[in-house]
Amino acid sequence: MSNQLESLKGYTTIVADTGDFQSIAEYTPQDATTNPSLILKASQQEEYSALVDKAVAEFASSDLTGDAKTEAIIDRLLILFGLEILKVVPGRVSTEVDARLSFDTAGTVTKAKQLIAAYEAEGISRERVLIKIASTWEGIKAAEEIEKEGIRCNLTLLFSMAQAIACAEAKVQLISPFVGRIYDWYKAKNGVEYTGAEDPGVQSVSQIFNYYKKFGYATEVMGASFRNVSQITELSGCDLLTISPGLLQQLKDTSGEVELKLDPAKAATADIEKISLDEKAFRFMYNEDAMATEKTAEGIRAFSADIVKLEKLITDRI
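Criteria and thresholds
Residues numbered from 1 in each chain as written. Predicted model: local features only at pLDDT ≥ 70, side-chain atom pairs only at ≥ 80, totals over all residues. Heavy atoms only, no water. Helix = DSSP H or I, 4+ residues; strand = E, 2+ residues; numbered from the N terminus. Rg over C-alpha atoms; globule rule 2.2 N^0.38 Å. Buried < 20%, exposed > 50% of the residue type's maximum accessible area, 1.4 Å probe, protein only. Contact = heavy atoms within 4.5 Å. Areas by Shrake-Rupley, 256 points an atom, 1.4 Å probe, with all protein chains shown as cover. Pairing = 2+ DSSP bridges. Axes fitted to C-alpha atoms, helices over the stretch in contact; angles between N-to-C directions. Salt bridge = Lys/Arg side-chain N within 4 Å of Asp/Glu carboxyl O. Expected span 1.5 Å × (residues − 1). Polar contact = N/O pair within 3.5 Å; in protein donor to acceptor, adjacent residues only side chain to side chain. Phe/Tyr/Trp six-rings, centres within 6.5 Å; stacked < 30°, edge-to-face > 60°. Parallel < 35°, antiparallel > 145°, perpendicular 65-115°, else oblique. Left-handed = near helix turned anticlockwise from the far one by under 90°. Nonpolar A, V, L, I, M, F, W, Y, C, P; charged D, E, K, R; others polar. Right-handed = clockwise from strand over helix to strand, strands pointing away.

Undergrad: Looking at this structure, how should I read the overall build of the chain?
TA: The helix and strand tally for the chain stands at 14 helices and 8 strands. Compactness check: the chain gives a C-alpha radius of gyration of 19 Å against a globular reference of 20 Å for 318 residues, within 12% of the reference. Summarising its shape, the C-alpha atoms of the chain cover approximately 60 × 50 × 40 Å along the three principal directions. In the chain, which comprises 318 residues, the proportion classed as buried is 55%. Looking at the chain alone, contacts between residues at least 24 apart form 69% of all its contacts between residues at least 6 apart. Carbon and sulfur atoms form 49% of the exposed surface of the chain, whose accessible area is close to 13,400 Å².

Undergrad: What should I look at first to understand the sheet that holds strand β7 (residues 220-223) in this one?
TA: Strands pair in a sheet through their backbones, by hydrogen bonds, and they do so in one of two ways: parallel or antiparallel. Here we have 8 strands rolled up into a closed barrel, ordered β1-β2-β3-β4-β5-β6-β7-β8, and parallel in their pairing. Across the sheet, the mean angle from the axis of one strand to that of its neighbour is 30°, orientation sign disregarded.

Undergrad: What am I meant to see in the pattern of salt bridges here?
TA: A side chain with one charge may pair with a side chain of the opposite charge, provided their charged atoms come close. Using the criterion set out here, one finds 27 salt bridges in the structure. Put simply, E149 and K113 hold a salt bridge, and the shortest N to O gap is 3.2 Å. Here K113 lies in helix α5 (residues 105-121) and E149 lies in the loop between α6 (137-147) and β5 (153-158), a separation of 36 residues in the sequence. For K261, the salt bridge identified is with E234, shortest N-O distance 3.8 Å. Here K261 is found in the loop between α11 (245-253) and α12 (264-268), whereas its partner E234 is found in the loop between α10 (229-233) and β8 (240-243), with 27 residues between them in sequence.

Undergrad: What is the right way to read helix α9 (residues 200-214) from this model?
TA: Because the α-helix completes a turn every 3.6 residues, residues three or four places apart line up on one side. Compared with the 21 Å implied by 1.5 Å per residue over 15 residues, the 21 Å span of α9 between its first and last C-alpha is a close match. Taken as a whole, α9 has its buried residues at P200, G201, V202, S204, V205, S206, I208, F209, Y211 and Y212. Sitting at the head of α9, D199 places a side-chain oxygen 2.8 Å from the backbone nitrogen of G201.

Undergrad: Please explain the packing of aromatic side chains as it appears in this structure.
TA: The way to describe two aromatic rings as a pair is by their centre distance and the angle between their planes. Under the defined criterion, the tally for this structure stands at 10 aromatic pairs. Relative to F81, the ring of Y48 lies with its centre 5.7 Å away and its plane at 55°, an arrangement referred to as tilted. On the criterion of sequence distance, the pair formed by Y48 in the loop between α2 (36-43) and α3 (49-58) and F81 in helix α4 (residues 66-88) is long-range, its members being 33 residues apart. Taken individually, Y48 and F81 each receive the classification buried, so the pair is uniform in this respect. Pairwise contacts between aromatic rings join Y211, Y212, F215 and Y217 into one cluster.

Undergrad: Help me out: how do you make sense of the packing of helix α8 (residues 179-190) against helix α14 (residues 290-315) in this one?
TA: What describes two packed helices is the angle between their axes and the distance between those same axes. In the contact formed by α8 and α14, the axes pass within 10 Å of each other and the chain directions differ by 120°. The orientation of α8 with respect to α14, classified from their angle, is oblique. As α8 packs across α14, the resulting crossing turns out to be right-handed. The residues of α14 that touch α8, namely those facing R181, I182, D184, W185 and Y186, are A290, M291, E294, K295, G299 and F303. When grouped by side-chain class, the residues that make up the contact of α8 with α14 number 6 nonpolar, 1 polar and 4 charged.

Undergrad: Where do I start with α5 in this structure?
TA: With 17 residues, α5 extends 24 Å between its outermost C-alpha atoms, agreeing within 8% with the 24 Å of an ideal straight helix rising 1.5 Å per residue. Those residues of α5 that sit buried are G107, T108, V109, K111, A112, L115, I116 and Y119. Those residues of α5 hidden inside the fold are in contact with α4, β3 (93-96), β4 (129-134) and α6. If you check the start of α5, you find a side-chain oxygen 3.3 Å away from the backbone N of A106, and it comes from D104. Two residues or fewer past α5, G123 is found with a positive phi of approximately 85°.

Undergrad: What exactly am I supposed to notice about the pairing of β4 here?
TA: Successive side chains on a regular strand alternate, one facing one side of the sheet and the next facing the other. With 6 of 6 residues buried, β4 lies mostly within the body of the structure. Alternating positions in β4 separate into two faces, V129, I131 and I133 on one and L130, K132 and A134 on the other, with burial throughout. Handedness of the crossover is the feature at issue here: the chain leaves β3, passes through α5, returns alongside β4, and the resulting connection is right-handed. Direction of pairing for β4 relative to β5: parallel, over a ladder of 4 bridges. By the bridge assignment, A134 is partnered in β5 with T156.

Undergrad: Just checking my understanding: could you explain the environment of V109 for this structure?
TA: Residue placement: V109 occurs in helix α5. Classification of V109 by relative accessible area gives buried; the value is 7%. Taking the C-alpha atoms as reference points, V109 and E311, 202 residues apart in sequence, are found 21 Å from one another. Every residue in contact with V109, bar those within four places of it in the chain, is listed here: A142, E145 and I146.

Geometric descriptors of this kind do not, in isolation, establish any biological role.
So, in structure tokens, the structure goes:
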């Protein structure tokens, strides 16, 4: 009898959600994702201190000073982690733009191009890299611009249909709706332990998946930010699912088959109304969703705070 992880791979592309590339190989995921919090966590672990030291050492004789030097070292550290991850996974790595650029379209475009250029300088094709960008209007517009140059994007911190529709219309490569954080919000608000198909995070991703498949959008849906195995198995059939090592292990340790839940053929016959969003319509629809606006803002603040912590970690080493 197979385990749930192997069964799930029959329906969905599995992605490892971690900066701990040493833990990835045993789960044989196709891709891997990182974010500032995961990189900060990994950078504080003894086994990865050599990567931090390497990034710092490469700029020891640089003419850069102050914040510019720290920024360059952090960018290099992101690339070094990405390069190690790409030795383990056959597919793509997601590398995130500084969350403090979430409302800066031009700044996001510039940083994305810098990161892609750094990967390409190491011989890595841009097809193997996804640039992670927050799903603000400004972030979506930045992604729309750089996708036209073949820079593929992963739109993160996504909690609503408004964000999902705008991303699809911008023709971004992939979106990462945050299942667990949606669940967190509704659990705190209503005091309910949601399970299975009743989970609001599961329902959100299912709705987005069906919308995309109904109207033929090429943008990939990658469920993210899981709190438990049930949320994962309820989304079997989703294009991709990015899963932490702990939950990957739980799936691997559980015998049995996973049932297909999301089916493009069923979505094609679903009774769904198509919505088109310009900036004004997007902002109003998004603003009407209290959960989405609160969780996006909270996520940007948290990732920004972790970048500041990573900056301190670097400046302490310089």
